[in-house]
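Remarks on the overall topology
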Amino acid sequence: EHLAKTIVDQGHVRPTLQSEFPVYWTFDHSLQLPCTPDALVLADSFPNYKCNYEGCEVFNPGNFLTELSWMVYRPATNEVEYSSLS
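Analysis parameters
Residues numbered from 1 in each chain as written. Predicted model: local features only at pLDDT ≥ 70, side-chain atom pairs only at ≥ 80, totals over all residues. Heavy atoms only, no water. Helix = DSSP H or I, 4+ residues; strand = E, 2+ residues; numbered from the N terminus. Pairing = 2+ DSSP bridges. Polar contact = N/O pair within 3.5 Å; in protein donor to acceptor, adjacent residues only side chain to side chain. Contact = heavy atoms within 4.5 Å.

This part covers unusual backbone geometry. Non-glycine residue leucine 68 carries a positive phi angle of around 50°. Phi at asparagine 78 is positive, roughly 55°, even though this residue is not glycine. With respect to the helices and strands, the residue asparagine 78 is situated in the loop between β4 (69-74) and β5 (79-84).

Set out below in structure tokens:
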């Protein structure tokens, strides 16, 4: 939830200090969130998770190859559900 809160509150997909990572300013605008989205998919190497922050469904589908699972997002109802082959 801390990651979701940080990203949504700062309005940027990469909420790090400029001193830690260089910023390529030509494309930085593509990582900005001008308003809170309905859903935000953070596909990374962590196990799957989901949370809701300020009305934004934030979720990570996890690794399909190791977990044989994925997540389904339903925009009409703003719901996220787990699915798997097992």
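So much for the structure itself; the text now carries on.
Turning our eyes to something else, we now look at the pairing of strand β2 (residues 49-53). Judged from the 5 bridges that link them, β2 and strand β3 (residues 56-60) form a sheet pairing that is antiparallel. Looking across to β3, one finds that tyrosine 53 is bridged to cysteine 56. Here β2 folds back onto β3, and the loop between the two strands holds 2 residues, one of which, glutamate 54, carries a positive phi near 55°.

On to the side chain of asparagine 60. Position of asparagine 60 relative to the elements: it lies in strand β3. Side-chain polar atoms of asparagine 60 contact the backbone oxygen of proline 47, separated by 3.4 Å. The contact partners of asparagine 60, leaving out residues within four places of it in the chain, are Leu42, Ala43, Asp44, Phe46, Pro47, Asn48, Tyr49 and Met71.

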